[in-house]
Amino acid sequence: MTATPIPEAELRALLDKQAISEILVRYCRGADRGDADLIAAAYHDDAIEDHGGTFCGPASDYVAMLRKVLPKAPRMTHAITNMIIELDGETAITECYMMTFSRREADDASFDSLTMARAIDRFERRDGRWGITHRRIAWEWNHEMPLLESWGRGGIAPDPSILVRGTKKPHDILYEVQGAK
């Protein structure tokens, strides 16, 4: 039995969707690791960022702000859940849900924050590279919880001080491994 070849248009669509998906995931990595270069790489130079009421303007200005904020930002984890990529030739519209966990440490009121938002992005392929030309964020919900970190009540790590913890660029283990290439 021979395999039926995949039509070229379907193969191109799969490759395009994979490229766009990786851009979105790298954007999240950039936010979590404090690596604004990864976030900047998601956009085309003339892109617009509409961050749902917290920022609206050129994406380059948004990234410039993040370069100052992210290195000092709290511990965060962005996870993309549902993702739809609708291709139309050299353009695409994406909708992805982003669940964000952040640890907000303060002397008097440390807490954990869980937030769900949706990113609606317009992508274009220019000179063979996909990039965001317009991003809009819609905030769905937020839940705050008192900080209570017991590492599975000791089941994961009876002594949490021995755990290797994620951190910002360049100190995170990701950059150590990439540097070892």
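So, here's what we can say about the structure.

Each value, and the rule that gives it
- Residues numbered from 1 in each chain as written.
- Predicted model: local features only at pLDDT ≥ 70, side-chain atom pairs only at ≥ 80, totals over all residues.
- Heavy atoms only, no water.
- Helix = DSSP H or I, 4+ residues; strand = E, 2+ residues; numbered from the N terminus.
- Buried < 20%, exposed > 50% of the residue type's maximum accessible area, 1.4 Å probe, protein only.
- Contact = heavy atoms within 4.5 Å.
- Arc of directions from axis to C-beta.
- Salt bridge = Lys/Arg side-chain N within 4 Å of Asp/Glu carboxyl O.
- Phe/Tyr/Trp six-rings, centres within 6.5 Å; stacked < 30°, edge-to-face > 60°.
- Lys NZ or Arg CZ within 6 Å of the ring centre and 35° of its normal.
- 1 Å grid on protein atoms, 1.4 Å probe; cavity = no way out; pocket = protein on both sides within 12 Å on 5 of 7 lines; lining within 4 Å.
- Points joined across faces, edges and corners; volume = space filled by probe spheres on them.
- Lys, Arg positive; Asp, Glu negative; His and termini not counted.

**Some points on the overall build of the protein chain**
Now for step 1: For the protein chain, the helix and strand inventory stands at four helices and six strands.
Now for step 2: Listing each helix as α and each strand as β along the protein chain from the N terminus yields α-α-β-β-α-β-β-β-β-α.
Now for step 3: For the protein chain, the C-alpha atoms occupy an extent of roughly 55 × 50 × 35 Å along the three principal directions.
Now for step 4: Each of the 181 residues in the protein chain was classed as buried or not, and the buried ones make up 34%.
Now for step 5: Considering only intrachain contacts with a sequence separation of at least 6, the fraction spanning at least 24 residues in the protein chain is 58%.

**Points about helix H3 (residues 59-69)**
Now for step 1: Listed as buried for H3 are Ala59, Tyr62, Val63 and Leu66. Along the axis of H3, the buried positions cluster into a sector of 95 degrees, meaning they face one direction only.
Now for step 2: Of the surrounding elements, those touching the buried residues of H3 are helix H1 (8-33), helix H2 (36-40), strand S1 (43-50) and strand S2 (56-58).

**Quick notes on the pattern of salt bridges**
Between side chains of opposite charge, a pair can form when the charged atoms approach closely.
Now for step 1: Considering all chains together, one arrives at 15 salt bridges under this definition.
Now for step 2: Residue Arg118 is joined to Glu95 by a salt bridge in which the shortest nitrogen-to-oxygen separation is 2.7 Å. With Arg118 in strand S5 (residues 111-126) and Glu95 in strand S4 (residues 91-104), this pair connects stretches of sequence that are 23 residues apart.
Now for step 3: With a closest N to O distance of 2.6 Å, Glu140 and Arg118 form a salt bridge. Placement of Glu140 in strand S6 (residues 129-146) and of Arg118 in strand S5 is noted, with a sequence separation of 22 residues between them.
Now for step 4: For Glu140, a relative accessible area of 38% translates into the label partly exposed.

**Section: the packing of aromatic side chains**
Now for step 1: Evaluation of the coordinates by the stated rule reveals two aromatic pairs.
Now for step 2: Aromatic side chains Tyr27 and Tyr43 sit 6.1 Å apart centroid to centroid with 70 degrees between the ring planes, which places their arrangement in the edge-to-face category. In this pair, Tyr27 is assigned in helix H1 and Tyr43 in strand S1, connecting sequence segments 16 residues apart. Tyr43 matches Tyr27 in its accessibility class, with the two residues each being buried.
Now for step 3: With 5.3 Å between their ring centres and 50 degrees between their planes, Phe55 and Tyr62 make a pair best called tilted. Both residues of the pair, Phe55 and Tyr62, belong to the buried class.
Now for step 4: We note Arg135 situated over the ring of Tyr27; from NZ or CZ to the ring centre the distance is 4.3 Å.

**Some thoughts on the layout of surface pockets**
Now for step 1: In this model, the largest pocket occupies a volume close to 600 Å³.
Now for step 2: In this structure, the largest pocket is lined by 25 residues; those nearest its centre are His51, Tyr62, Met76, His78 and Trp139.
Now for step 3: Mapped by element, the contributors of at least two residues to the lining of the largest pocket are H1, H3, strand S3 (76-88), S4, S5 and S6.

**Things to note about the side chain of Lys168**
Now for step 1: Here Lys168 is to be found in the loop between S6 and helix H4 (173-179).
Now for step 2: Despite its burial, Lys168 remains without a salt bridge, the nearest opposite charge being carried by Asp32 at 6.6 Å.
Now for step 3: Residues contacting Lys168, with those up to four places away along its chain left out, are Ala31, Asp32, Arg33, Gly34, Leu70, Pro71, Ala73, Pro74 and Met76.

**Considerations on the environment of Gly166**
Now for step 1: Structurally, Gly166 can be placed in the loop between S6 and H4.
Now for step 2: Judged by its relative accessible area of 33%, Gly166 falls in the partly exposed class.
Now for step 3: Counting along the chain gives 122 residues from Gly166 to His44, while the straight-line C-alpha distance between them is 29 Å.
Now for step 4: Those residues in contact with Gly166 that sit more than four places away from it in its chain are Arg33, Arg75 and Asp172.

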